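Chain residues, written in single-letter form:
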Amino acid sequence: MTLEPTPDRPRIDAYEKVLGRALYAADHPVAGLLHGMTVPAAIARGYIEAIDITDAKNVPGVVRVFTHEDFSQIKTTPAARGAYGQPGKGYQPMTSRLIRHRGEAVALVVAETLEAAIEGAEAVKVRYVPEPFSASMDDALAKAEQEAASKLSSGDAESVFASATHRIDVEYLHPQQHHNPIELISTTAAFEEGKIAIYEGTQAVAAFAGGLAGMMGIEPQALRGVSPYTGGGFGQKNGIQEQSVLVASAAMALRRPVKLVMPRSQLFHTASYRPHSRHRVRLAADDEGHLLAGIYETVQQNSQYDGFGCEHGVNPPRMYNYGSWRGNDRIIRVDSQTPGHQRAPHEHPSSYATECAMDELAEALAIDPVQLRLINDTHRDVLTRKPFSSRYLAECLRRGAELFEWGRRARQPGSLVAANGERIGLGVGCGCYKASMTPALTTLRLSATGRCEITTSGHEMGQGLRSVIAAELIEVLGVDPNKLEIRIGDTGYAPQHVTAGSWGTGSVAPAARTAALKLREELSQLTGAPLSDEPVHVQLMRTRRPVLEVSVDTVPLGKDRQAIDQIRKGIPSTTGPEYPDFMAFSWIAHFAEVHVEPSTARVRVRRVVSVADCGRVMNRRTAESQVRGGVVWGIGAALREAGETDPRFGGVLNNDLAEYIVPVNADIGRIEVDFIDEPDPKLNISGVKGLGEVAMVGATAAVVNAVYNATGKRIRHLPIRVEDLL
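Residues numbered from 1 in each chain as written. Predicted model: local features only at pLDDT ≥ 70, side-chain atom pairs only at ≥ 80, totals over all residues. Heavy atoms only, no water.

(A) Spotlight on the overall build of the chain. Per the secondary structure count, the chain includes 18 helices and 24 strands. Reported as C-alpha extents along the three principal axes, the dimensions of the chain are approximately 80 × 75 × 50 Å. Within the chain, counting contacts between residues at least 6 apart in sequence, those at least 24 apart form 81% of the total. Of the accessible surface of the chain, which amounts to about 26800 Å², a share of 50% is contributed by carbon and sulfur atoms. Taking the average place of the 78 positive charges on the side chains of the chain and the average place of its 85 negative ones, the gap between the two points comes to 2 Å. (Helix = DSSP H or I, 4+ residues; strand = E, 2+ residues; numbered from the N terminus. Contact = heavy atoms within 4.5 Å. Areas by Shrake-Rupley, 256 points an atom, 1.4 Å probe, with all protein chains shown as cover. Lys, Arg positive; Asp, Glu negative; His and termini not counted. Charge placed at Lys NZ, Arg CZ, Asp CG, Glu CD.)

(B) A look at empty space enclosed by the protein. Overall, the coordinates contain 10 cavities of 30 Å³ or more when judged by the stated rule. Volume-wise, the second largest cavity comes out at about 110 Å³. As for the second largest cavity, its lining consists of 16 residues, of which Ser336, Gln337, Thr645, Gly650 and Val652 are closest to the centre. Here the residues of the lining of the second largest cavity sort into four nonpolar, 10 polar and two charged. (1 Å grid on protein atoms, 1.4 Å probe; cavity = no way out; pocket = protein on both sides within 12 Å on 5 of 7 lines; lining within 4 Å. Points joined across faces, edges and corners; volume = space filled by probe spheres on them. Nonpolar A, V, L, I, M, F, W, Y, C, P; charged D, E, K, R; others polar.)

(C) Spotlight on the sheet that holds strand β4 (residues 98–99). The strand order across the open sheet formed by three strands is β4-β2-β6, and the pairing between neighbours is antiparallel. Whereas interior strands pair on both sides, the edge strands pair on one side only; in this sheet they are β4 and β6 (125–130). Pairing between strand β2 (residues 46–52) and β6: six bridges, direction antiparallel. Each residue of the ladder has a partner; that of Tyr47, found in β6, is Val129. (Pairing = 2+ DSSP bridges.)

(D) Broad picture of the layout of surface pockets. The space that makes up the second largest pocket amounts to roughly 810 Å³. Examining the composition of the lining of the second largest pocket, we find that five residues originate from one element, helix α12 (residues 465–477), more than from any other. Among the residues making up the lining of the second largest pocket, the classes are represented as 18 nonpolar, five polar and 10 charged.

(E) Structural context of the pattern of salt bridges. One pass over the structure, following the stated rule, counts 52 salt bridges. For Glu405, the salt bridge goes to Arg408, with nearest N and O atoms at 3.9 Å. By relative accessible area, Arg408 is classed as partly exposed at 30%. Each of the salt bridges in this network shares a partner with another, and the network as a whole consists of Glu158, Asp169, Arg280, Arg282, Glu297 and Arg326. (Salt bridge = Lys/Arg side-chain N within 4 Å of Asp/Glu carboxyl O. Buried < 20%, exposed > 50% of the residue type's maximum accessible area, 1.4 Å probe, protein only.)

(F) Examining the nonpolar core more closely. Among the nonpolar cores identified, the biggest contains 83 residues, and Leu397, Phe591, Val594 and Phe675 are the most heavily contacted of them. In terms of nonpolar packing, the next biggest core, distinct from the first, is built from 52 residues, Val106, Ala107, Ile196 and Ala271 among them. (Core = buried A, V, L, I, M, F, W, Y, C linked by side-chain atoms within 4.5 Å.)

(G) Quick look at the side chain of Asp359. With respect to the helices and strands, the residue Asp359 is situated in helix α9 (residues 347–365). A polar contact of 3.2 Å, which involves the side chain of Asp359, links it to the side chain of Arg714. What Asp359 contacts, discounting residues up to four positions off in sequence, is Pro369, Arg373, Asn705, Tyr708 and Arg714. (Polar contact = N/O pair within 3.5 Å; in protein donor to acceptor, adjacent residues only side chain to side chain.)

(H) Local environment of the sheet that holds strand β17 (residues 423–434). Read across the sheet, four strands follow the order β17-β22-β23-β24 without closing on themselves; strand pairing throughout is mixed. Of all strands in the sheet, those with a lone pairing partner are β17 and β24 (668–675), marking the two edges. Mean inter-strand twist for the sheet, computed between neighbouring axes without regard to direction, equals 15°. As defined by bridge partners, strand β23 (residues 603–613) adjoins β24 across seven bridges and the pair is classed as parallel. Counted as the bridge partner of Arg607 is Arg670 from β24. Here helix α11 (residues 393–404) sits on the sheet in contact with β17, β22 (585–596), β23 and β24, set at roughly 25° to β22. Helix α16 (residues 620–639) rests against β22, β23 and β24 of the sheet, and its axis sits at about 135° to β24. (Axes fitted to C-alpha atoms, helices over the stretch in contact; angles between N-to-C directions.)

(I) The arrangement of the packing of α16 against helix α17 (residues 699–711) in detail. Contact pair α16 / α17: the axes reach a minimum separation of 7 Å and the direction vectors enclose 50°. What the angle tells us is that α16 and α17 run oblique. Seen from above, α16 lies across α17 with right-handed handedness. Contacts between α16 and α17 pair Val631, Gly634, Ile635, Ala637, Ala638 and Leu639 from the former with Ala699, Thr700, Val703 and Val704 from the latter. Here the residues of the contact of α16 with α17 sort into eight nonpolar, two polar and no charged. (Parallel < 35°, antiparallel > 145°, perpendicular 65-115°, else oblique. Left-handed = near helix turned anticlockwise from the far one by under 90°.)

(J) Looking closely at the confidence of the model for the chain. Here the chain averages 94 in pLDDT, while 98% of its residues score no lower than 70. Considering only residues more than four positions removed or in separate chains, one finds that residues 81–85, a stretch of pLDDT under 50, has 20 contacts. (pLDDT = per-residue confidence, 0-100.)

(K) Fine view of the packing of aromatic side chains. One pass over the full model with this rule turns up 16 aromatic pairs. Relative to Tyr229, the ring of Tyr24 has its centre 5.7 Å away and its plane inclined at 50°; by these criteria the two rings are tilted. Separated by 205 residues along the polypeptide, Tyr24 in the loop between α1 (14–18) and β1 (34–40) and Tyr229 in the loop between β12 (223–226) and α6 (244–254) bring together distant segments of the chain. Overall, Tyr24 belongs to the partly exposed group, its relative accessible area being 22%. Centroid distance Phe388 to Phe585: 6.0 Å. Interplanar angle 85°. Geometry classified as edge-to-face. Of this pair, Phe388 sits in the loop between α10 (369–375) and α11 while Phe585 sits in strand β22, and the two are 197 residues apart along the sequence. Its relative accessible area of 6% is what places Phe388 among the buried residues. Grouped by ring-pair contacts, the aromatic residues Tyr296, Tyr320, Tyr322 and Trp325 constitute a single cluster. (Phe/Tyr/Trp six-rings, centres within 6.5 Å; stacked < 30°, edge-to-face > 60°.)

(L) Molecular detail of the pairing of strand β13 (residues 258–261). In terms of strand pairing, β1 meets β13 through two bridges, oriented parallel. Note that in β13 the partner of His35 across the bridge is Lys259. In this sheet, β13 lies alongside strand β10 (residues 186–192) in antiparallel orientation, the contact comprising four bridges. Across the sheet, residue Thr187 finds its bridge partner in β13, namely Leu260.

(M) Structural detail: the environment of Leu416. Within the fold, Leu416 resides in the loop between α11 and β17. The exposure class assigned to Leu416 is partly exposed, which follows from its relative accessible area of 23%. In this structure the C-alpha to C-alpha distance between Leu416 and Asn709, which are 293 residues apart in sequence, comes to 8.8 Å. If we ignore the near neighbours within four places in the chain, the residues touching Leu416 are Arg408, Ala410, Glu422, Arg423 and Ile424.

(N) Representation of the packing of helix α5 (residues 205–216) against α6 within the structure. Taken N-terminus to C-terminus, the directions of α5 and α6 make an angle of 60°; their axes are 10 Å apart at the nearest point. Considering the angle they form, α5 stands oblique to α6. Remark: the crossing between α5 and α6 carries right-handed chirality. Every residue of α6 that contacts α5 at Phe208, Leu212, Met215 and Met216 is listed here: Ser244, Val245, Ala248, Ser249 and Met252. Classifying every residue of the contact of α5 with α6 gives seven nonpolar, two polar and no charged.

(O) Structural detail: the side chain of Gln300. Mapped onto the elements of the fold, Gln300 is located in strand β15 (residues 291–303). Separated by 3.2 Å, the side chains of Gln300 and His346 make a polar contact. Setting aside chain neighbours within four positions, we find Gln300 in contact with Met137, Pro275, His276, Ser277, Phe308, Gly309, Cys310, His312, Arg330, Ile331, Ile332 and His346.

Here is the structure:
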């Protein structure tokens, strides 16, 4: 069966969401529910001297006030708090008197109503013994790790750089940023059918449930993780949150269900975030613009106690045909909660720095920025020397330049002016993101009545995973989408893998397609002839069987059956971007047009054109939505978002959506999206790569480069503010 272009279909879950029937974690009705609220620590480092809970216990409706004395039995296992299943040191608040960062929970108040829980939390009195702390990477008490977190090299980049005629040496700064999904982080612990059901918006329901069981000292089978819908994950919801085990343990102690929805202001101090980072980029080229060397060195903020990686240098050498490359990433530890993956975690900051540096190199060489990128196009990875499974970055650039009318760009900054006097700038930025996959366990059940049910491994986070599964079943089996039930994000139905890193579609599409093909094959054997174009359930009815069910385990390229054993145990098992015979990435090119008002220096992004190579496009509508969302994130990073840490107290000052500035409708102009839409059959049976993460990579650089083209001012920190341009 050939891979046909996927028609533009509505989201399979659109009506459910519009009608409010799509239940998110905090929406599930639970009888006899208690409500929790945490008390955040008021110091950044030190310990608790005393806690007075008398007034809190006297608040009407308060059932119990928990402190570290109640939760000292919680185990901080190494795997408990690691991101993407990576091991971390597993520090868990409220297990001792110790305070490791501002805002961590020091007490949990549980009450009959939310109002009583809030009032009780405000009545708790805590006396602290504060200790000196570091609030930023530049503080004297910050601890710089001498050993590089990661190193990559190919050739002698230092000597080549030193002897090159054309060189640039620049440093770019990226600020701390926070996710702020609309769905707040929450945990509900209930008792269902002899198990503890944990409802939590998460990208890793199995690892979450398994890790939580380990922390609580109970068997993993005693917990059921449930997250059929996640209202925006973006990397923040890929592990156990600080409050998760507290809520579950409180429910166990009280033998009643407990729900806690974390206030947004507290999440700025307890949930993961994108860490502050510095990027030094050195590029060397010959007279024709061929890259001779790239040297890329980064420093990233981390907490004192956990193992979030630093991998800024992984993607940049894959972008172009560097003659030689050297990169290293280092970590500086400060007294904060652990940072984590935030959409295009290291790829976005690294593309911002390196793509802006490419723009500076183009300016120094007097070569058009698009042409410089085309000159250095490559179909082989500079580090491994393996070919790419597919790479249409040059096509993305050419098509984007045509749609955007790149030819109107003026090389002299500030020379393109609108009729109203605003200075117009045009910029380009490119990006890539690994094409990874995971194992999946899938059961597909077709009824002679036309009803079709599928259970598989994956999480719906708004990216359209249900629509991807439906697309494969509709194409292969011709099922009626109105009679299709898709069960994902629930360990009660199937073992679940982490859904992150743009591997969701690349994992569930092949799983759904494989199951559908197997069902066709078995139905053909039952009928004794190849299937016709008639609906499959009608053909099943003729066999006098009410139901046909198949189960398949899909093992991704580069893995063996051990991956299936791991997913059954809730252990993450991913593959890519390096495969036995090739490297696999998705690619994108962004073109941005900004208008800068001359007297106030106000910047508006009037238009963005983005062209992506993500393999086969499974659903045009959700794919375009993904790219538009990534571009909006890129605009926010370029012009709006930054977490402001108070050096006196170690907390985030702008810890709400009133002061943590994100783009609004007035900030966003036209965003036009197109795709190469070439299947990558080397990678999987569905020919898909990933899109959600790559959508953001390079977008910020395109905006920053456009601001330079409009103003002639090269701003090397984010966000670009009015005062930078006046």
